[in-house]
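Architecture and fold: a report
Given next are the chains, with one letter for each unit.
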Amino acid sequence: MALQAIKTFEIRLIPFKNFIKHSIRPLSSLPEFSKNKYNVKRKSFNLIEDAHVSFFQNLLGKERVLTDESELLSYNIDWIKNCRGESRVVLKPKCTEHVSAILKFCNDNNLAVCPQGGNTGLVGGSVPVFDEIVLSTEGMNNIISLDEISGVLVCEAGCILENLDNHLREHNLMMPLDLGAKGSCHIGGNISTNAGGLRLLRYGNLHGSVLGVEAVKADGEVIDCLGTLKKDNTGYHLKHLFIGSEGTLGIVTKVSINCPTLSSSINVAFLGVENFDNVLKLYQLAKSSLGEIMSAFEMADAASLETTIEHLKLQNPIGDYPFYVLIETSGSNESHDSEKLTEFLEKTMSSNLVLNGTYQTEPSRIKPIWALREGIPQAILYDGYVLKYDISLPLKDYYSIVPIMREKLGSDAVRICGYGHIGDGNIHVNIAIKEFSQEIIKKIEPYIYEYTSNLKGSVSAEHGIGFRKPNYIHYSKSNACLGLMKSLKNLMDPKGILNPYKVLPS
Ligand SMILES: Cc1cc2nc3c(=O)[nH]c(=O)nc-3n(C[C@H](O)[C@H](O)[C@H](O)COP(=O)(O)OP(=O)(O)OC[C@H]3O[C@@H](n4cnc5c(N)ncnc54)[C@H](O)[C@@H]3O)c2cc1C
């Protein structure tokens, strides 16, 4: 195997905010309203009236209350254009006091609220189903403090993940999470979805790295758990209630997060592999050979790479193979890390686990390799109507669902991609069909969830339950667990105004 030197090539990854705007289709092809598409009955919340709008305008100022239909459109449609609500008002509070006053008013007036961060969620949780008021955290984007010694960052919920990371890099620190939507998603949205991402393998999930949360309950009460300590066992760990609860228990307003030191030595290997068994063997070998310096182990099948190359015009630096693996190492000693990686790559060559590959150390050459992997969820949207399944499976069964779905769907599917965070057991199965079709969806759901459940997997590895999956949550949660979740919801939001129709089955 020759480890080719990669040519510099142009990155054509479209910035997310632009992409959202560009990808809003003309009026005739806007997504159908979720209420009709999924046959949902409106709950008995009050309708928004002019007097309510006046209250919000007095509180926030007119410019922070959007009511114009054209301005509301992008807040009513989710990123993959599966879901569409018909909210008449978007509110953009500036601070916790605003959020508290809005929620108190909504609770008193029985008005439903849909919290929204960067609107990059993939399960329809971030957009209204009916006319829920959208509470956007866009205006709450201040960094409050950074302790360079402990690495603790405190900021408001509306800070964009990439902006936080850029700020930290100036102080030799980094965010403990990274995902393809980093240019648009908010840290409050990340926390509310317990986002995983590309380096969970190394830095763990947000239940570990988030040290504190400030959140506002449905009745407007501010719950201040914004501690910055790494150790604090004083009673119940309430912050965890808000991590991953998708805006159903409270609105996250501030966050404190433990940030690792920036690695001075980053290497990326991009490898072509013959079959999935070899991908697993490669993972095992990478764990034992690279140990503590491995920060990502991602895989993509041929169909996934084809979609980024075709639609985003990226270049494949190593040629066509059935499977691709991206391995990143991050450490503090360049010669030690590259020695380890070279030794590992030599082993993979001598054992024929890898057919071809490239290994890069320069940031400008690493970026286009990551773009190939990060661009997949975006590129497949060009194929048509996309159904996204984000499941955890035991590693030995990780890829098994992809050929099954290809067999089941045949020519009904434009393309089926399997890619994901293999180190976390999380595969993304993206199925593009020509257009929305209940008949085709019935061939996939609930089959894919039953399959996952039978293998003791999770029907949602990292995207959450949102609006699209409450009917399938029972495949991963027992009745007793669901009962306790409902009790918590009733305790914290007795009128159910926060993100109704989401997470809990009705
Ligand atoms: C290209 C692409 C790649 C992605 N890759 C990954 C990945 O690798 N890993 C992963 O986990 N996810 C991934 N996602 C999904 C998504 O980006 C994450 O779920 C992200 O954390 C959502 O953040 P957001 O600010 O966009 O939240 P939104 O989409 O706005 O909201 C998501 C949910 O959180 C709630 N919410 C938002 N803000 C708040 C708040 N302040 N308080 C309470 N509730 C709130 C919303 O009501 C909604 O239910 C990806 C998405 C895209 C488009």
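The structure we're discussing is the one just above.
What counts, and at which threshold
Residues numbered from 1 in each chain as written. Predicted model: local features only at pLDDT ≥ 70, side-chain atom pairs only at ≥ 80, totals over all residues. Heavy atoms only, no water. Near = heavy atom within 4 Å. Polar contact = N/O pair within 3.5 Å; in protein donor to acceptor, adjacent residues only side chain to side chain. Areas by Shrake-Rupley, 256 points an atom, 1.4 Å probe, with all protein chains shown as cover. Helix = DSSP H or I, 4+ residues; strand = E, 2+ residues; numbered from the N terminus. Nonpolar A, V, L, I, M, F, W, Y, C, P; charged D, E, K, R; others polar. Domains from an automatic or database assignment. Buried < 20%, exposed > 50% of the residue type's maximum accessible area, 1.4 Å probe, protein only. Arc of directions from axis to C-beta. Contact = heavy atoms within 4.5 Å. Axes fitted to C-alpha atoms, helices over the stretch in contact; angles between N-to-C directions. Parallel < 35°, antiparallel > 145°, perpendicular 65-115°, else oblique. Left-handed = near helix turned anticlockwise from the far one by under 90°. Pairing = 2+ DSSP bridges. Core = buried A, V, L, I, M, F, W, Y, C linked by side-chain atoms within 4.5 Å. Salt bridge = Lys/Arg side-chain N within 4 Å of Asp/Glu carboxyl O.

**Description of the site of the ligand**
Neighbouring the ligand are 37 residues; P115, G117, T120, G121 and H186 lie closest to it. Note that an oxygen atom of the ligand is positioned 2.7 Å from one of the backbone N or O atoms of G117. For the ligand, the protein covers 98% of the area, taking 960 Å² as the surface of the free molecule. Taken together, the elements giving at least two residues each to the shell around the ligand come down to β3 (113–116), α7 (187–193) and β9 (251–258). When grouped by side-chain class, the residues that make up the shell around the ligand number 12 nonpolar, 23 polar and 2 charged. Here the shell around the ligand spans two domains, since at least three of its residues come from each of domain 1 (17–136) and domain 2 (143–258).

**A closer look at helix α16 (residues 401–409)**
The periodicity of an α-helix, 3.6 residues per turn, causes residues three or four places apart in sequence to face the same way. What α16 keeps buried is the set I401, V402, M405 and L409. Projection of α16 onto a plane perpendicular to its axis shows the buried side chains occupying an angular sector of 100 degrees, all on one side. Looking at the packing, one finds that the buried side of α16 touches β11 (294–301), β14 (385–392), β15 (413–421), β16 (426–433), α17 (438–444) and α18 (447–454). A positive backbone phi angle near 50 degrees is found at G410, which sits one or two residues after α16.

**Thoughts on the packing of helix α11 (residues 276–290) against helix α13 (residues 334–350)**
As a packed pair, α11 and α13 sit with axes 10 Å apart at the nearest point and diverge in direction by 150 degrees. What the angle tells us is that α11 and α13 run roughly antiparallel. Seen from above, α11 lies across α13 with right-handed handedness. Contacts between α11 and α13 pair L282, L285, A286, S289 and L290 from the former with K340, L341, F344, K347 and T348 from the latter.

**Let's talk about the sheet that holds strand β8 (residues 222–225)**
Taken together, 5 strands build an open sheet; the order of strands is β5-β6-β9-β7-β8 and the sheet is antiparallel. Both outer strands of the open sheet, β5 (143–147) and β8, are each paired with one neighbouring strand and no more. The average undirected angle you get between the axes of adjacent strands in this sheet is 10 degrees. Pairing geometry for strand β7 (residues 210–216) and β8, over 4 bridges, is antiparallel. When the bridges of β8 are listed, E214 appears paired with D224. Seen against the sheet, helix α6 (residues 161–169) touches β5 and β6 (152–156) and runs at an angle of roughly 35 degrees to β5.

**Remarks on the nonpolar core**
F297 and I431 are the most contacted members of the largest nonpolar core, which totals 50 residues. A total of 8 residues in this core trace back to one element, the largest contributor, which is α11. Among residues more than four places away in sequence, those in contact with F297 are L201, V279, L282, Y283, A286, V325, L326, I327, G420, H421, I422 and G423. Formed by 30 residues, the second largest nonpolar core is a distinct cluster that contains F56, L60, C83 and I133.

**Section: the pattern of salt bridges**
Applying the stated criterion to the full structure yields 22 salt bridges. Between D301 and R406 there is a salt bridge, with its nearest N and O atoms 3.0 Å apart. In this pair, D301 is assigned in strand β11 and R406 in helix α16, connecting sequence segments 105 residues apart. Residue classification places R406 among the partly exposed residues on the basis of a relative accessible area of 33%.

**Focus: the sheet that holds strand β4 (residues 133–136)**
Here we have 4 strands laid out as an open sheet, ordered β1-β2-β4-β3, and mixed in their pairing. In this open sheet, the two strands that pair with only one neighbour each are β1 (65–66) and β3. Strand direction decides the pairing type here: strand β2 (residues 90–91) and β4, joined by 2 bridges, are parallel. Across the sheet, the residue bridging to V90 is V134, located in β4.

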